[in-house]
Amino acid sequence: MRYIEFKEAIGEALRRNTDGLTWAELRERLERQYKRPCPTWTRNLEREIGLSRKKGSGRALVWRVPGSHPA
């Protein structure tokens, strides 16, 4: 998978889920095999699509993009 495909898939999934998703949820929904996201790609998503990651329950981080944040 190339970065552009990753970026589009993550952005679309997060825009559709206003409560945000954890990496495990994204991985499952997008049928990815990666245990962890690539740190370089994740930093690029922060700059390019405004990805934010906030502490959720347990050790999980909830991923969100602008426009997906709950009201």
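Above: the structure in question.
Residues numbered from 1 in each chain as written. Predicted model: local features only at pLDDT ≥ 70, side-chain atom pairs only at ≥ 80, totals over all residues. Heavy atoms only, no water.

1. Regarding the sheet that holds strand β2 (residues 52-55)
Moving on, step 1. Sheet architecture is open: three strands sit in the order β1-β3-β2, paired in antiparallel fashion. Pairing within the sheet leaves two strands with one partner each, and these edge strands are β1 (21-22) and β2.
Moving on, step 2. In this structure, β1 lies alongside strand β3 (residues 61-64), joined through two bridges in antiparallel fashion. The partner of L21 across the bridge, within β3, is W63. (Pairing = 2+ DSSP bridges. Helix = DSSP H or I, 4+ residues; strand = E, 2+ residues; numbered from the N terminus.)

2. Examining the environment of T18
Moving on, step 1. Checked against the element boundaries, T18 lands in the loop between α1 (3-16) and β1.
Moving on, step 2. Classification of T18 by relative accessible area gives partly exposed; the value is 41%.
Moving on, step 3. For the pair T18 and P66, spaced 48 residues apart in the sequence, the C-alpha separation amounts to 9.6 Å. (Buried < 20%, exposed > 50% of the residue type's maximum accessible area, 1.4 Å probe, protein only.)

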